[in-house]
Amino acid sequence: MSVGRLRAAIAMLSLLGAGIAAYLVYTRYSGASLFCQTGGCETVQNSKYSEVAGIPVAVLGLIGYAVIFVTAAFPGPTSAALGVTLAVIGVAFSAYLLYAQLVLIDAICQWCVANDVVITLVALACLWRFRRENAYSVATASGR
Amino acid sequence: MGKASRSKAQRRLVPSPAGGPAPAGRPAPSGWLTPARTLLIGVAVALVVAGALIGVSVAGSGSSSKPSPATVTGVAATNALFRGIPQSGNVLGNRNAPATLVEFAEPQCPYCGAWARETMPTVVRDYVRTGKLKIVFHGISFIQPTSDSERALGAFAAAGSQARQFQLLDLFYRNQGEEGTGWISDDLLRSLGSSVPGLDADRMMADRSSAAAKSQIQDSAKAAAQVMGSHFRTPTFQAGPSGGTLAPMPISTVDQLGPDGFRAVLDHMISQ
C-alpha cells in the first residue's frame, strides 16, 4: 500500500475514532441516554475509570484522534513518527481501560471496545506508514 | 558497473523493511537519528505518557483512599445528569409527578453506592426527567462508625437547603470508599460540595448543624423506622402512584438493583 493510501486510511480511521469519542462526550455532557447493547455502558461511563484527573477519557480520546488526523494530513517521517507515538499512547491506555472493564468494573461498554479496535488499526496503519516513509527516505539517501 | 547501475543496486540493498519505490525530494535521515532510533524514541515516549495517564487514573480510582479535592471524580457526569431537573430538599423531580419512588440509603453502604452509580442515572433520565416520577431520598445511619455516616447525612441535608442534595449525593457515591474505614471526612465533604456548581460549600458545612438539617435527618430516621422497624437494610425502596399508599419494592437480588432489573420492578409498581 502506498504512503498516500496509508495516510488516507489513518485519516479515515481517526475520523471514525473521533466520532465514537464525540458521541461519548456528547452523552456525558448532555445527560442523554447511551445506546448500549452490552448493558454495561452506563456502568463504565459512570465509573471512576472514565476520568483522568477530572477529564473524561472520551475527551482525551477525541483530542488524540484529532491530532492523529492532523499528522495524517502532513507527509514525511516526522509526522509519521508523531502519529506512531500518539497511536501507541492510545493503544496502551485503551489496553488499561479494557483491563479495568473486564477486571475492576466487571462491565463491558461496546463503544469502548469499538474504540479499542479502531485505535489498534490506527496504530498498525501508523507503524506501516512510518516504515514506508522511512523506507523512502533511506532509499533516497542511499541512492544519492 | 556504471554509476547509474551502482545506484540502482544500492537502492535494492537499502536496509529498508518495507522497500518500495523511492520518490525524489524526501529528506535524508540524519546520521544518529536513524528510523529505528526514531521509532524507539517514539514508542518510549508513548509508553511513558501512557504510564503517566494510567498512574493518574489508578491514583484517582482507589476505592479505599480518601478522595482529595484533586481526585473527586464524576463531576461532569453528575452535573449533566441533574441539569435542569427541579429539586427541593430531599425531593427530586416534579412534585406533581404521577409516581413516587422513596429511597432509604446509608452513606457507607456499598450496595447503595452501586445503585446510585449504576441504576440511578437510568431512573433519573427515563423517569424523573420525563416527568413520570419523583424521588424522595431518606438517608439513615447504622453502619459503624455511625458518626461518619451522620457527618455525611448532615451535609446531604444542608445541600438540600440549597437545592443541590442530589448532585452531592451522586458525587458522594461516585467517590465512595470502603465501609467502616473512616473515609468520610470534613475535607472530603467540602471537596465534594465545592465540585457542585451553585452549591456554597462553606455554607453547606456550616448548615449541617442547622435546625432544618437536623429536622430532615430525624424525619428520615422516623420514616425508616416505620418501614423497616429496627432491622435496617439498605438500599430499601418504596414506590407507587403519588398520593396513594407506597408499597415496598420487592427487591431481593443484586440483579434487581441493576438498571434492567430495577426498571422491571419499578414499572410494575408504578403502573398499579
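Residues numbered from 1 in each chain as written. Chains lettered and ligands numbered in written order. Predicted model: local features only at pLDDT ≥ 70, side-chain atom pairs only at ≥ 80, totals over all residues. Heavy atoms only, no water.

A look at the overall build of chain B
- Helix and strand content of chain B: eleven helices and six strands.
- Put simply, chain B has 272 residues, and 47% of those count as buried.
- Long-range pairs, those at least 24 residues apart, make up 74% of the contacts in chain B with a sequence separation of at least 6.
- In the form shown here, chain B has an accessible surface area of approximately 12,600 Å², with 57% of it arising from carbon and sulfur atoms. (Helix = DSSP H or I, 4+ residues; strand = E, 2+ residues; numbered from the N terminus. Buried < 20%, exposed > 50% of the residue type's maximum accessible area, 1.4 Å probe, protein only. Contact = heavy atoms within 4.5 Å. Areas by Shrake-Rupley, 256 points an atom, 1.4 Å probe, with all protein chains shown as cover.)

Observations concerning the packing of aromatic side chains
- According to the stated counting rule, one finds eleven aromatic pairs over all chains in the structure shown.
- Pairing Phe93 of chain A with Tyr96 of chain A gives two aromatic rings, centres 5.6 Å apart and planes at 35°, and the pair type is tilted. Note that Phe93 of chain A and Tyr96 of chain A are positioned in helix H4 (residues 77–105) at a spacing of three residues, about one turn of the helix.
- On the basis of relative accessibility, which here comes to 9%, the residue Tyr96 of chain A falls in the buried class.
- Through pairs of rings, three or more aromatic residues link up here, namely Phe137, Phe156, Phe172, Tyr173 and Trp183 of chain B.
- Across the ring face of Tyr127 of chain B, the terminal group of Lys132 of chain B is positioned such that the distance to the ring centre comes to 5.6 Å. (Phe/Tyr/Trp six-rings, centres within 6.5 Å; stacked < 30°, edge-to-face > 60°. Lys NZ or Arg CZ within 6 Å of the ring centre and 35° of its normal.)

Some details on the state of the cysteines
Residues and elements named next belong to chain A.
- Evaluation of the coordinates by the stated rule reveals zero disulfides over all chains.
- Looking at the unpaired Cys112, the closest cysteine sulfur is the one in Cys109, lying at 3.3 Å.
- Residue class for Cys112 comes out buried when judged on its relative accessible area of 18%. (Disulfide = S-S within 2.5 Å.)

Details of the pairing of strand S4 (residues 133–139) of chain B
All names here are of chain B.
- Burial analysis of S4 places seven of its seven residues in the buried class, the great majority of the element.
- Residues Leu133, Ile135, Phe137 and Gly139 line one face of S4 and the alternating positions Lys134, Val136 and His138 line the opposite face, and both faces are buried.
- Where strand S2 (residues 91–92) meets S4, two bridges bridge the pair, whose relative direction is antiparallel. Paired with Leu92 across the bridge in S4 is Ile135. (Pairing = 2+ DSSP bridges.)

Examining the pairing of strand S3 (residues 99–105) of chain B
Residue and element names in this part refer to chain B.
- Burial within S3 is extensive, with seven of its seven residues counted as buried.
- Side chains Ala99, Leu101, Glu103 and Ala105 of S3 all project onto a buried face; the interleaved residues Thr100, Val102 and Phe104 project onto the opposite face, where all are buried too.
- Relative to S4, S3 runs parallel, the two being bridged by seven bridges. In the sheet register, Val102 faces S4, and the bridge partner there is Val136.
- Alignment of S3 against strand S5 (residues 236–241), held across six bridges, turns out to be antiparallel. Note that in S5 the partner of Glu103 across the bridge is Phe237.

Some remarks on the sheet that holds strand S6 (residues 247–248) of chain B
Residue and element names in this part refer to chain B.
- Sheet architecture is open: six strands sit in the order S1-S2-S4-S3-S5-S6, paired in mixed fashion. If you trace the sheet from one side to the other, it starts and ends with strand S1 (87–88) and S6, each paired once.
- Strands in contact with helix H11 (residues 259–270) are S3, S4, S5 and S6; relative to S5, the strand with the most contacts, it is inclined by about 40°. (Axes fitted to C-alpha atoms, helices over the stretch in contact; angles between N-to-C directions.)

Things to note about helix H3 (residues 75–82) of chain B
- Buried residues dominate H3 of chain B, accounting for seven of its eight residues.
- Within H3 of chain B, burial applies to Ala76, Ala77, Thr78, Asn79, Ala80, Leu81 and Phe82 of chain B.
- The secondary structure elements touched by the buried residues of H3 of chain B are helix H1 (3–30) and strand S1 (51–52) of chain A together with S2, helix H5 (120–128) and helix H7 (165–174) of chain B.
- Taken from the residues just after H3 of chain B, Gly84 of chain B is the one with a positive phi, measuring 85°.

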